[in-house]
Amino acid sequence: MHFPTSNHFPARFVVFLVIVALSTTVTATTSRSLRALDEAVYSLTTGDYWTCPWRLFPVENVTAEDESLRLSLEAMEAELEMTRLANNHSSVVVQIVYRDVDLWFGAFGFTDAENTMVPTADTIYRIASMSKTFAVLSMLQQHEAGKITSLNQPISEMFPEFYMPNQWETTRGGPTWRQVASQVGGLPREIPCSPTTSNELCTEDTATILERVKLMPLIMPPGTRPSYSNLGFGLIGRLLETTFGMSYEDYVTQSILTPLGMTSTGFEFTDDVISRMARGYAAPLSNLNWAAPSGQMYSSSADFAKYLKFFLRWYDSYSPSDGMVLDGETVREWLHPSQWNPEGKSGFGMPWENYYYNDHLLVTKCGNIQGYGSIMTFIPELQLGISIFINGAGSIDQTEYQVVVSDIFVPEFVSYLQKKQPSPQAPPNPEKFVGAYMMEGSVLTLMISQRTGMLVSKFPGVTTSEYVMSYQGDLTFQIIEYAFSPTAGCMEIEFGSGMGNWLFFKADTQGNILSFQIPALYYDVDFIKVK
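Here is a short report on the structure shown in this document. Residue numbering note: each chain is counted from 1, following its sequence as written. Two thresholds apply to this predicted model, a pLDDT of at least 70 for residue-level local features and 80 or more for giving and counting side-chain atom pairs, whereas whole-chain, interface and lining totals are computed over all residues. Hydrogens are left out, water is left out, and the side-chain values use all remaining heavy atoms of the structure.

1. Concerning the overall build of the protein chain
At step 1: Every helix listed is a DSSP run of H or I at least four residues long, and every strand listed is a run of E at least two residues long, numbered separately from the N terminus. Counting its secondary structure elements, the protein chain contains 15 helices and 19 strands.
At step 2: Any residue under 20% of the maximum accessible area for its type is buried, any over 50% is exposed, and the rest in between are partly exposed; the area is computed with a 1.4 Å probe on protein chains only. Taking all 531 residues of the protein chain together, the buried fraction comes to 52%.
At step 3: For this analysis, residues touch if any pair of their heavy atoms sits within 4.5 Å. Long-range pairs, those at least 24 residues apart, make up 68% of the contacts in the protein chain between residues at least 6 apart in sequence.

2. Details of the side chain of S90
At step 1: Take S90: it is sitting in strand β2 (residues 89-98).
At step 2: Here S90 falls in the buried class, since its relative accessible area comes to 17%.

3. Overview of the pattern of salt bridges
At step 1: The term salt bridge refers to a pairing of a side-chain nitrogen on Lys or Arg with a carboxyl oxygen on Asp or Glu at a separation within 4 Å. Within this structure, the stated rule accounts for 15 salt bridges.
At step 2: The closest approach of N and O atoms between E67 and R70, which form a salt bridge, is 2.7 Å. Residue E67 and its partner R70 are located together in helix α2 (residues 67-87), separated by three residues, close to a single helical turn.
At step 3: On the accessibility criterion, E67 (45% relative accessible area) is partly exposed.
At step 4: With a shortest N-O distance of 2.7 Å, R70 and E74 are connected by a salt bridge. Here R70 pairs with E74, and both are found in helix α2, just four residues apart, close to one helical turn.

4. Details of the layout of surface pockets
At step 1: In the cavity and pocket records, a cavity denotes points on a 1 Å grid over the protein atoms alone where a 1.4 Å probe fits but cannot get out, a pocket denotes an open set with protein on both sides within 12 Å along at least 5 of 7 lines, and lining residues are residues with an atom within 4 Å of a point. Grid points are joined across faces, edges and corners, and a volume is the space filled by probe spheres set on the points. Approximately 420 Å³ is the volume found for the second largest pocket.
At step 2: For the second largest pocket, the lining is made up of 23 residues, of which E190, N230, L288, S294 and N368 are closest to its centre.
At step 3: Every element with two or more residues in the lining of the second largest pocket is listed here: α11 (292-295) and β9 (360-369).
At step 4: No other element matches the four residues that β9 contributes to the lining of the second largest pocket.
At step 5: Of the residues contributing to the lining of the second largest pocket, the split by class is eleven nonpolar, eight polar and four charged. Under this grouping Gly is polar, as are all residues other than the nonpolar Ala, Val, Leu, Ile, Met, Phe, Trp, Tyr, Cys and Pro and the charged Asp, Glu, Lys and Arg.

5. Here's the deal with the state of the cysteines
At step 1: Note on terminology: pairs of cysteine sulfur atoms within 2.5 Å are recorded as disulfides. Under the counting rule described, the total for this entry stands at one disulfide.
At step 2: The disulfide bridge from C193 ends at C202, spanning 1.9 Å between sulfur atoms. Disulfide C193-C202: the torsion about the S-S bond is -50°, which places it as left-handed.
At step 3: Classification of C193 by relative accessible area gives partly exposed; the value is 26%.

6. Looking at the environment of G344
At step 1: With respect to the secondary-structure elements, G344 resides in the loop between β6 (339-340) and β7 (346-348).
At step 2: In this structure, the C-alpha to C-alpha distance between G344 and Y355, residues eleven residues apart in sequence, is 8.9 Å.

7. Brief notes about the nonpolar core
At step 1: What we call a nonpolar core is a set of buried Ala, Val, Leu, Ile, Met, Phe, Trp, Tyr and Cys residues that are connected through their side-chain atoms within 4.5 Å. Core analysis: the largest hydrophobic core is formed by 76 residues, its most contacted members being F134, M139, F304, Y307, F310, F311 and W334.
At step 2: Among the elements that line this core, the one with the most residues is helix α12 (residues 301-315), at seven residues.
At step 3: Once residues within four sequence positions are removed from consideration, F311 is found in contact with V331, W334, L335, W352, M376 and F378.
At step 4: L69, L80, F108 and I388 belong to the second-largest nonpolar core, a separate cluster that totals 34 residues.

8. What about a nonpolar patch on the surface?
At step 1: Taken together, M438, I528 and V530 make up a surface patch of nonpolar side chains, about 230 Å² in accessible area.
At step 2: Here V530 shows up in the segment after β19 (527-529). Residues with no salt bridge and a relative accessible area higher than 30% make up the patches, which join like charges within 9 Å and nonpolar side chains (Val, Leu, Ile, Met, Phe, Trp, Tyr) within 5 Å. To measure how exposed things are, a 1.4 Å probe is used in the Shrake-Rupley method; for residues, cover is taken only from the protein chains shown.

9. Side note on helix α3 (residues 132-144)
Residues that lie three or four places apart on an α-helix share one face, since the helix turns once every 3.6 residues.
At step 1: Here α3 spans 19 Å end to end across 13 residues, near enough to the 18 Å set by a 1.5 Å rise per residue.
At step 2: Most of α3 is tucked away, with eleven of its 13 residues classed as buried.
At step 3: Listed as buried for α3 are K132, T133, F134, A135, V136, L137, S138, M139, L140, Q141 and Q142. To estimate the expected span of a helix, count its residues, drop one, and scale the result by 1.5 Å.

10. Some details on the pairing of strand β8 (residues 353-357)
At step 1: At least two bridges found by DSSP between two strands are what make those strands a pair. Note: β7 against β8, three bridges, orientation antiparallel. Across the sheet, the residue bridging to S346 is Y355, located in β8.
At step 2: A loop of four residues connects β7 with β8, the two strands running antiparallel in sequence.
At step 3: Alignment of β8 against β9, held across five bridges, turns out to be antiparallel. What sits directly across from Y356, in β9, is L361.

11. Notes on the sheet that holds β6
At step 1: Read from one edge of the open sheet, eight strands run β3-β2-β11-β10-β9-β8-β7-β6, paired in antiparallel fashion. In the strand order of this sheet, the two ends are held by β3 (101-109) and β6, each with one partner.
At step 2: By the bridge criterion, seven bridges tie β9 to strand β10 (residues 372-379) in an arrangement that is antiparallel. For K365, the partnering residue across the bridge sits in β10 and is M376.

12. Considerations on the environment of S194
At step 1: By the secondary structure assignment, S194 is in the loop between α5 (177-181) and α6 (206-213).
At step 2: Taking relative accessible area as the criterion, S194 reaches 34% and is therefore assigned partly exposed.
At step 3: Separated by ten residues in sequence, S194 and E204 have C-alpha atoms that sit 7.9 Å apart.
At step 4: Each residue touching S194, except ones within four places of it in the same chain, is listed here: E204 and R212.
At step 5: Polar contact is defined as a pair of N or O atoms within 3.5 Å, subject to the rule that within protein one atom must be able to donate a hydrogen and the other to accept it, and that residues adjacent in sequence are counted only when both atoms are side-chain atoms. At 3.1 Å, the side chain of S194 forms a polar contact with the side chain of R212.

13. Notes on the packing of α3 against helix α7 (residues 230-239)
At step 1: For helices, the fitted line uses only the C-alpha atoms of the stretch in contact; every axis is such a line through C-alpha atoms, and the angle between N-to-C directions lies from 0 to 180 degrees. Two elements in contact, α3 and α7, have axes whose closest approach is 9 Å; the angle formed by their N-to-C orientations is 40°. Taken together, α3 and α7 sit at an angle that is classed as oblique. Here the hand of the crossing between α3 and α7 comes out left-handed. Across the interface between the two elements, K132, A135, V136 and M139 from α3 touch N230, F233 and I236 from α7. Every angle not falling under 35 degrees, over 145, or within 65 to 115 is termed oblique; those three ranges are roughly parallel, roughly antiparallel and roughly perpendicular. In this scheme the handedness of a crossing depends on how the near helix is turned from the far one: anticlockwise by less than a right angle means left-handed, clockwise means right-handed.

14. A short note on the packing of α2 against helix α14 (residues 399-419)
At step 1: The N-to-C vectors of α2 and α14 enclose an angle of 175°; their axes lie 9 Å apart at closest approach. Taken as axis vectors, α2 and α14 run roughly antiparallel relative to one another. Note on element contacts: α14 touches α2 through E400, Y401, V404, V405, I408, F409, E412, F413 and Y416, opposite S68, L69, S72, L73, A75, M76, E79, L80, T83, R84 and N87.
At step 2: Tallied by class, the residues present in the contact of α2 with α14 amount to twelve nonpolar, four polar and four charged.

Printed below as a string of structure tokens:
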């Protein structure tokens with residue numbers, strides 16, 4: 001939503017619009033019911049009534065040099081290093097981007113056991129299962145191109161050679177593209193590759209894998225509950241090679257990496273790539289071959305930041321643009337959770353692992369492979385992206401580092417954005433809007449009051465919240481955001497709000513306000529100024 005941000009009037013000229021409803025309406029009854037449900041839900045889960053967090057507008061000129069951000073980043077930096085030392089990880093690199101801005105980069109430790117190589121933004125790490133996001137992106141591109149008719153289409157309708165025994169006898173023909181990409185396809189976890197002591201893993205071809213899975217029954221009814229599956233993403237990538245007209249690896253390189261300018265991301269461990277890699281200590285460097293779509297790829301922090309920005313840039317835009325690899329509305333839908341777990345705080349997407357943490361949805365994808373750990377995280381409402389790459393020996397829990405970022409930096413970043421929110425526009429001569437207004441043909445009365453701070457509307461009986469009003473010129477206002485909600489839950493705020501509504505005032509030839517209309521709520525009805 002856009003509103004003017006320049007030529008602000010002093011705070012003393014800002015007007016509060018207070019709408020006082022004196023009659024009970026169906027909307028008010030609905031809102032009270034939602035409020036009761038809100039209170040019941042949050043009293044059960046927290047013991048307290050949880051207020052709805054602010055929705056923040058994007059801001060410009062964001063910099064880590066701001067004093068409050070700098071202090072939080074220093075504290076986060078110290079905690080990240082303590083976490084690395086406690087886990088005996090060799091190195092950790094963390095990249096934070098805001099929209100299209102590289103906000104902060106931090107590097108810790110050494111990439112080799114001899115402590116001679118300091119990691120940089122260009123150091124390459126294996127990203128393991130984060131590779132799955134590229135398989136999903138390839139699938140979504142094929143859907144946009146019309147080669148996949150529907151994401152809800154069973155894969156077997158497009159590729160009849162794909163069959164797995166289904167003891168639940170579903171009539172849809174097996175798991176769909178969306179279900180497999182969302183990790184609810186009911187497929188087994190691993191790919192039926194022959195055991196080997198070689199560093200060349202899963203050297204089978206697609207025909208061999210398809211023959212083997214015909215003997216592997218589904219482990220869950222498709223679409224019912226999560227079943228993490230490397231097999232599923234291998235199938236997505238390899239089956240679509242017939243529509244790509246080339247290998248999966250070549251397609252991703254040509255259709256995703258090259259357009260995004262990701263020159264340090266890929267599949268093949270060339271001598272140049274190996275020379276720039278942080279060393280993995282769990283096992284020798286191996287190739288996944290047929291299983292590459294599920295976990296083969298590598299990247300650097302600087303390169304992966306371009307991928308993060310692709311998501312964040314699109315999340316702020318509805319319209320497509322030349323040269324981009326996916327339509328913005330598709331990306332917006334892609335970041336939405338597909339399924340929540342029973343506790344309501346974690347769930348799955350395509351192929352995301354989602355968490356509701358510290359009042360924010362974290363859209364994440366983790367990866368672990370042979371001495372490397374990684375995690376990518378989006379906080380869509382903040383348009384914030386984070387990547388964390390790790391190397392070391394033994395088990396790597398990358399989520400510990402994400403918690404550090406979420407606990408220390410994110411709250412301060414929210415405060416920073418709040419301070420930089422654009423001010424609402426005040427009208428000239430705000431005092432002339434002050435007074436009582438009565439709805440034509442009704443006892444419904446509305447009061448407009450002038451207070452210090454901002455222009456706010458309130459609908460008592462419909463919602464407990466007050467909403468910011470911004471002057472748009474020509475005696476016109478728009479509700480742009482809620483201002484205060486001391487006891488309001490999100491369901492009441494979002495369902496019962498007047499967000500986006502326009503108020504059109506009328507004046508006589510001397511400029512005295514006579515009335516206004518809110519056509520989105522009461523079409524062609526005047527609220528007459530009575531005092």
